[in-house]
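Structural overview
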Amino acid sequence: MRATVNVWDPCVRIFHWSLVASFAVAWLSADEIKDLHEWAGYAAAALITFRLAIGFAGSRYARFTQFIRGPRETLSYTKDVIFNREARFLGHNPLGALMVVALLTSTVLVAGTGWLQTTDAFWGIEWVEETHEMLANVMLALVALHVGGVVLGSLRHSENLVRAMITGRKPAPEPGDVA
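Before going into details, it helps to say that this report is about the structure given with it. Remember, it's a predicted structure, so these values are computed and weren't measured experimentally.

Here we look at the nonpolar core
- Listed in full, the ten residues of the largest apolar core are F15, L19, A44, L47, I48, F64, F67, A97, V100 and L104.
- The set of elements that each furnish at least two residues to this core consists of helix 1 (10-29), helix 2 (34-57), helix 3 (64-67) and helix 5 (94-116).
- With residues up to four places along the chain from it excluded, the contact list for L19 reads A44, L47, I48 and T107.
- Counting nine residues, the second largest nonpolar core, distinct from the first, contains V12, Y61, A62 and L90.

Here you go:
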């Protein structure tokens, strides 16, 4: 049995699964339960604020400076993934980091356009509603890509990334891994 190390602290894990729940509730209640839909959106916005705080002042693997890479390194990693030669990262890999940024940004935009619809200035304005729906669909596509990346990474590196996001623990780094 491989040794494990703690990577994802409780703040990251609680944030992650709470955002999953708030997005699912908002998505499923969109056309049926307006108040629940709005509260789920507010919860998502509050969670993003929390994640931004821990992204700057949280534990090692929660910090943006630990995992956000530049375009050149991200493109290089993408090529390595295509040719099945990517390194294992203990924290987020460069594509995972890009997904974190995309999901955080899309959540802000979805919540923001949703909130606009509750204001006097934008209530009933068609382009705001259409933008909100389009962004929610983009976010759903990002979630699907994220899940696909988790499955791919889990298979390629023989680790259960879903379990790691529940327990916080991942297999200890081996030679060649990026810790």
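After presenting the structure, the write-up continues.
Structural notes on the pattern of salt bridges
- Inspection of every chain in the model, using the stated rule, returns eight salt bridges.
- For the salt bridge of R85 with D80, the shortest nitrogen-to-oxygen distance reads 2.8 Å.
- When the shortest N-O distance is used, the salt bridge between K170 and E159 registers 3.9 Å. With K170 in strand 2 (residues 169-171) and E159 in the loop between helix 6 (126-156) and helix 7 (161-167), this pair connects stretches of sequence that are eleven residues apart.
- K170 gets classed as buried once you look at its relative accessible area, which sits at 3%.
- Through salt bridges with shared partners, one network takes in R88, E159, K170 and D177.

A short note on helix 6
- When the terminal C-alpha atoms of helix 6 are compared, their 45 Å separation across 31 residues agrees well with the 45 Å that a helix rising 1.5 Å per residue should span.
- Of all the positions in helix 6, only V128, H132, L135, A136, M139, L142, V150, G153 and S154 are classed as buried.
- Tucked inside the fold, the buried residues of helix 6 contact helix 1, helix 2, helix 5 and helix 7.
- Two residues or fewer after helix 6 comes S158, characterised by a positive phi angle close to 50 degrees.

What counts and how
All residue numbers refer to positions counted from 1 along the written sequence of the respective chain. Predicted model: local features are reported for residues with pLDDT of at least 70 only, side-chain atom pairs are reported and counted for 80 or more only, and whole-chain, interface and lining totals are derived from all residues. For side-chain calculations, the full set of non-hydrogen atoms in the structure is used, while hydrogens and water are omitted. Residues enter a nonpolar core if they are buried and are Ala, Val, Leu, Ile, Met, Phe, Trp, Tyr or Cys, with the set joined through side-chain atoms within 4.5 Å. Whether a residue is buried, partly exposed or exposed follows from its accessible area with a 1.4 Å probe, protein chains only, as a fraction of its type maximum: under 20%, in between, or over 50%, in that order. Helix and strand labels come from DSSP, where a helix needs a run of H or I of at least four residues and a strand needs a run of E of at least two; each type is numbered from the N terminus. When checking whether two residues touch, look at their non-hydrogen atoms; a contact exists if any pair is within 4.5 Å. Salt bridges are defined as contacts in which a side-chain nitrogen from Lys or Arg sits within 4 Å of a carboxyl oxygen from Asp or Glu. Here the expected span of a helix is defined as 1.5 Å times the quantity of residues minus one.

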